[in-house]
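Residue-level structural notes
Residues per chain, in single letters:
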Amino acid sequence: MYKFLELEAGYLFIAFIMLAVTLFVTTRPFFSKGAIKKGLISVTIFWAFAIGFHYKVTTDRINTVKEAFKNGEIVVCESRATRKVAQSVNVEKSREWILEGDIFSSPNYGRVFHTARCIVKPLFTRE
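Described below are features of the structure shown in this document. Throughout this description, residue numbers start from 1 for each chain and increase along the sequence as written. Local features in this predicted model are restricted to residues whose pLDDT is 70 or higher, and side-chain atom pairs enter the listing and the counts only when it is 80 or higher, whereas totals over whole chains, interfaces and linings include all residues. Side-chain numbers here rest on the full set of heavy atoms in the structure, without hydrogens or water.

**Quick word on the nonpolar core**
Within this scheme, the nonpolar core is defined by two criteria: the residues are buried Ala, Val, Leu, Ile, Met, Phe, Trp, Tyr or Cys, and they are joined through side-chain atoms within 4.5 Å. Between buried and exposed lies partly exposed: a residue is buried under 20% and exposed over 50% of the maximum accessible area for its type, with that area taken using a 1.4 Å probe on protein chains only. Within the largest apolar cluster, 10 residues are counted, these being V65, F69, V75, C77, V89, V91, W97, F104, F113 and C118. Elements with a contribution of two residues or more to this core: α2 (35-70), β1 (75-78) and β2 (88-91). Here, two residues are considered to be in contact whenever any of their heavy atoms come within 4.5 Å of each other. Not counting residues within four places of it along the chain, the set of residues in contact with V89 comprises V75, V76, C77, S79, W97, Y109 and F113. Think of it this way: any DSSP run of H or I at least four residues long counts as a helix, any run of E at least two long counts as a strand, and we number them from the N terminus.

**Quick look at the packing of aromatic side chains**
For Phe, Tyr and Trp, rings pair up if their centres lie within 6.5 Å, where Trp contributes its six-membered ring, and each pair is then called stacked (planes under 30 degrees apart), edge-to-face (over 60) or tilted (otherwise). Overall, the coordinates contain eight aromatic pairs when judged by the stated rule. With a centroid separation of 5.9 Å and an interplanar angle of 50°, the aromatic rings of W97 and F113 are classed as tilted. A residue pair is termed long-range when its members are at least 10 positions apart, and W97 in the loop between β2 and β3 (98-100) and F113 in strand β5 (residues 109-114) qualify at 16 residues. Of the aromatic side chains, those joined through ring pairs into one cluster are W97, Y109 and F113. Geometrically, a lysine NZ or arginine CZ counts as sitting over a ring once it is within 6 Å of the ring centre and also within 35 degrees of the ring normal. In this structure, R28 is placed above the aromatic ring of F24, and the distance from its NZ or CZ to the ring centre is 4.2 Å. For the cation-ring pair, K93 lies above F69, with the distance from its terminal atom to the ring centre recorded as 5.9 Å.

**A few points about the state of the cysteines**
Cysteine sulfur atoms are paired as a disulfide whenever they fall within 2.5 Å. Overall, the coordinates contain one disulfide when judged by the stated rule. Here C77 engages in a disulfide with C118; their sulfurs sit 2.0 Å apart. Across the S-S bond linking C77 and C118, the dihedral sits near 105°, which makes this disulfide right-handed. Here C118 lies in strand β6 (residues 118-120) and C77 lies in strand β1, a separation of 41 residues in the sequence.

**Things to note about α2**
An α-helix turns once every 3.6 residues. As a result, residues three or four positions apart point the same way. Every helix has an expected span of 1.5 Å times one less than the residues it contains. The terminal C-alpha atoms of α2, which comprises 36 residues, lie 52 Å apart, in line with the 52 Å expected from a rise of 1.5 Å per residue. Every buried residue of α2 is accounted for by A35, G39, V43, W47, I51, T58, T59, I62, V65, K66, A68 and F69.

**Here's the deal with the sheet that holds β6**
The three strands are arranged β2-β1-β6 in an open sheet whose pairing can be described as antiparallel. What marks the edges here is a single partner per strand, and that holds for β2 and β6. Each strand of the sheet is rotated relative to its neighbour by a mean of 25°, with strand direction disregarded. Two strands pair when backbone bridges link them, and β1 and β6 are joined in this way by three bridges, in the antiparallel orientation. Residue V75 lies in a different strand from β6, and its bridge partner there is V120. Axes, fitted as lines to C-alpha atoms, cover a helix only where it is in contact. Angles between the N-to-C directions of the axes lie from 0 to 180 degrees. Helix-sheet contacts for α2 involve β1, β2 and β6, and the interaxial angle to β6 is about 60°. When DSSP finds two or more bridges between two strands, those strands count as paired.

So, in structure tokens, the structure goes:
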């Protein structure tokens with residue numbers, strides 16, 4: 001459950017705000033009496049599907065990244081620290097990177113990276 005909240009907290013907050021907006025709008029006098037129920041149900045179903053799908057895709061990518069790293073493949077992680085130069089970092093076992101849980105770290109690099117923000121480098125782009 002913690003992993004779900006860690007990955008989806010922002011989207012859960014957005015969904016809650018959208019439900020509040022839906023509730024406010026559907027209670028206006030120009031909407032029919034059944035609009036509240038229909039609106040809340042449809043928005044809840046949409047957000048439940050969207051958040052569930054995003055969680056599934058993200059956890060699948062995390063597992064793929066972990067497996068690729070264990071097999072010695074190159075993993076590319078997004079670096080949000082600098083937007084002008086080196087927006088991505090190549091993570092490899094041979095460069096002293098280690099994987100602890102879902103976090104990549106290295107004694108040679110000041111930042112850590114969550115596996116949810118990484119992808120496996122495609123074979124055709126490898127040097």
